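Examining the three-dimensional arrangement
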Amino acid sequence: MKNLKTYLFITLMSSLCLTAQTKDTKKADKHFSRFEYVKAAEAYNKLVDAGKADTYVYKQLADSYYNIFNTEAAEKWYSKALENSQDAEIIYRYSQMLKANGKYEASNEQMSKFASMRPADDRAVAFNRNPNYLEKIVEKGKKFNVQNLDINSEESDFGGTLNGNTLYITSARNQNRRTYGWNQQPYLDLYAVTKNTDGSFQEPMLMNDEINTKYHEGLVSFSPDGKTMYFSRESYFEKDFEKDSISKTRYSQLYLFKATKLGSDWDTIESLSLNSENYSVKNPSVSADGKTLYFASNMPGGFGQFDIYKAPINEDGTIGEPENLGQKVNTEGQEMFPYISSNNTIYFSSDGHLGLGGLDVFYTKEIDGKMAPIRNVGIPVNSNADDFAFAIDEETEEGFVSSNREGGKGSDDVYAIKKLQPLCDVLIIATVIDDETGESISAASVSLNDADGNNMVSKQSDENGVAEFIIECEQNAEIEAVMEGYSSNKVTISGTNDEEFEVQIALQPIEKLIVADRIELEPIYFDFDKANITTKAAFELDKLVQIMNKYPDMVVDVFSHTDSRGPAAYNEGLSDRRAKTTVQYVISKGIDEARISGSGKGENEPKVDCSSGCTEDEHQLNRRSEFIIVSGGPGMQ
């Protein structure tokens, strides 16, 4: 799969190659320039054995192993290259190989060096902002089940895309193809795999010669009706390539094509207008409405090596002008393998965002023209190897991911995935403070409630007054804090896609609710024509209980009022039932019945005279409960 990842790295390092090449390195450099990394590594190793190695040879040897994902060898030779060099990009790659080999502490040390050398680099900015990112990724836990598929071969297999009951993969298993020098495996072809009713798969079948050529074919995506297939192919087939005048090496690009389904097979191959002999376009993904094509490209004007783009698919099937997804998605590294799901979540792989090693799968969503925070999908979809070509059916919560992780059957394998729990979540960081002093309150009872006020989980605030909760993205909720000696409070949280959301809950000392001879609570709401205590009413009445517990001699009268709508006699009866239900609730919380009484006033004592008509807000003012301190309050004799 590395052969489809990038050619740009070779170009980026070309200035170093040109200044460091010697007669001794000529043979190895020729293999390297032709992307024949296996043979290049053999040749550079011979120079090491002959004592003719220097920083350049060590770097080239490390890069050769990097490109075929021999992480241990790449780590060894990057380390050697850095003995006499402090090149920032080498340090970055060294940190990536350390991470791929599970040496996270050492990897972070190298990332710190890289960040100090290139503080404005997106990769450095992200690391400095979140140096403990590895722990956070792992702590989120296992969101998916991942299973290696039986259809994988000993060669490279990747890119599972379902169209109906047929799975399409890219594979290097065709031994009739020429061997590709990059990894000494056959050129890549597209295969169709029938899915059985029991969920198993039949033997992969090579697609027809209209689709497959003697060159590489890559990932596929389909129009919503399944009749148009988009796929990538090397530009050699179009006879588009550049030839190095010295090495005679031919350099191709990756192009995108579309095929039309005729009967049960594919035909009528068309090159997309996005293609250019000056850059590559690859990894197509069509939106669920069929109106947008997402892809990866190293076209000029991007932010890094490969970036994610989108382009409109016009009604006549032509492709409009491409648009870069922006710097929030794209980094100085590589962003590839976009997948746009049915709910418009954008999944992609990147080695520029903070991950576990190699390419990791990330996701985001465009909301009101802006990208939500970029999130790592986490373990076990991501590993310390390359994880890419993620695709999922949001309804069945099943899909595929490809990886060259340890334990696979070949260099890259296709894995089936099944979502176990919601992927997108928000960390709520709630801090409880004293409303007067601003100081944090520890040991407060902090509860996470759903949008209807139902408690989901409760915990105590820590020594810093903090309690943390995790909720799903775009989920409304409320945080409630209760502390002895304070008036309880709650804060509503509107659904968000932010990775973290901080909220303060200020608690007033409970005596602040006592104003003269009254206890001022928020309105006690009842359901229409009902007298039972609701969740919201209970929250306010608990404050009354707290005050009466603090002042054990306090005696309270409760008066319930209605608005003037409806028969007066009915309103008086309803208000009396509500007053008595309120009293019963307080008694149920341990307050002696001799200390509280209640009665209904109906519509007899309005705050607002509605004889000439009232607004809804004015009617609301009249529908109220009053809590009068008869005796035993602060300052009362």
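Just above, that's the structure.
Residues numbered from 1 in each chain as written. Predicted model: local features only at pLDDT ≥ 70, side-chain atom pairs only at ≥ 80, totals over all residues. Heavy atoms only, no water.

**So, the state of the cysteines**
By the definition in use, this model includes two disulfides. Residue C610 pairs covalently with C614 via a disulfide, S to S 1.9 Å. Between C610 and C614 the disulfide shows an S-S torsion of about -90°. By sign, it is left-handed. Its relative accessible area of 21% is what places C614 among the partly exposed residues. (Disulfide = S-S within 2.5 Å. Buried < 20%, exposed > 50% of the residue type's maximum accessible area, 1.4 Å probe, protein only.)

**Remarks on the nonpolar core**
Residues Y44, Y65, Y78 and F114 are the most contacted members of the largest nonpolar core, which totals 42 residues. Looking at this core, the elements that each hand over two or more residues are α3 (26–33), α4 (37–49), α5 (55–67), α6 (71–81), α7 (88–100), α8 (104–117), α9 (122–129) and α10 (133–139). If near-sequence neighbours (up to four positions away) are discounted, Y65 is found in contact with A41, N45, N70, A73, A74 and W77. Among the nonpolar cores identified, the runner-up in size contains 35 residues, and I392, L423, I428 and V446 belong to it. (Core = buried A, V, L, I, M, F, W, Y, C linked by side-chain atoms within 4.5 Å. Helix = DSSP H or I, 4+ residues; strand = E, 2+ residues; numbered from the N terminus. Contact = heavy atoms within 4.5 Å.)

**Notes on the sheet that holds strand β9 (residues 228–234)**
Pairing within the open sheet is antiparallel, and its four strands lie in the order β8-β9-β12-β13. Unpaired on one side and paired on the other, β8 (217–222) and β13 (265–271) mark the two borders of the sheet. Each strand of the sheet is rotated relative to its neighbour by a mean of 30°, with strand direction disregarded. Of the pairings in the sheet, the one linking strand β12 (residues 254–262) to β13 comprises five bridges and is antiparallel in character. Looking at β13, one finds that K258 is bridged to E270. (Pairing = 2+ DSSP bridges. Axes fitted to C-alpha atoms, helices over the stretch in contact; angles between N-to-C directions.)

**Considering the sheet that holds strand β6 (residues 189–194)**
Pairing within the open sheet is antiparallel, and its four strands lie in the order β2-β3-β6-β7. Edge positions in the sheet fall to β2 (157–163) and β7 (205–206), since each of these pairs with one other strand and no more. Sheet topology places strand β3 (residues 166–171) next to β6; six bridges connect them, and they run antiparallel. Considered in β6, the bridge of T166 is made with T194.

**Quick word on the pairing of strand β33 (residues 500–509)**
In this sheet, β33 lies alongside strand β26 (residues 425–434) in parallel orientation, the contact comprising eight bridges. Across the sheet, residue I429 finds its bridge partner in β33, namely E502. Direction of pairing for strand β31 (residues 486–487) relative to β33: antiparallel, over a ladder of two bridges. Its bridge partner lying in β33, Y486 is registered against P509.

**Some words on the pattern of salt bridges**
One pass over the full model with this rule turns up 28 salt bridges. Here D387 and R405 are joined by a salt bridge, their closest N and O atoms 2.8 Å apart. One end of the pair, D387, is in strand β23 (residues 387–393); the other, R405, is in the loop between β24 (398–403) and β25 (413–419), and 18 residues separate them in sequence. Look at D387 and you get buried, because its relative accessible area is 0%. One network of salt bridges, with partners in common, ties together E89, R118, D121 and R123. (Salt bridge = Lys/Arg side-chain N within 4 Å of Asp/Glu carboxyl O.)

**Overview of helix α12 (residues 568–588)**
Between its first and last C-alpha, α12 extends 30 Å over 21 residues, near the 30 Å set by a 1.5 Å rise per residue. By the burial criterion, the buried members of α12 are N571, L574, S575, R578, A579, T582, V583, Y585 and V586. Buried residues along α12 sit against α11 (535–550), β36 (555–561), β37 (596–602) and β38 (625–631). At the exit of α12 stands G590, carrying a positive phi of roughly 105°. (Expected span 1.5 Å × (residues − 1).)

Take it as geometry only, folks, not as evidence of what the structure does.
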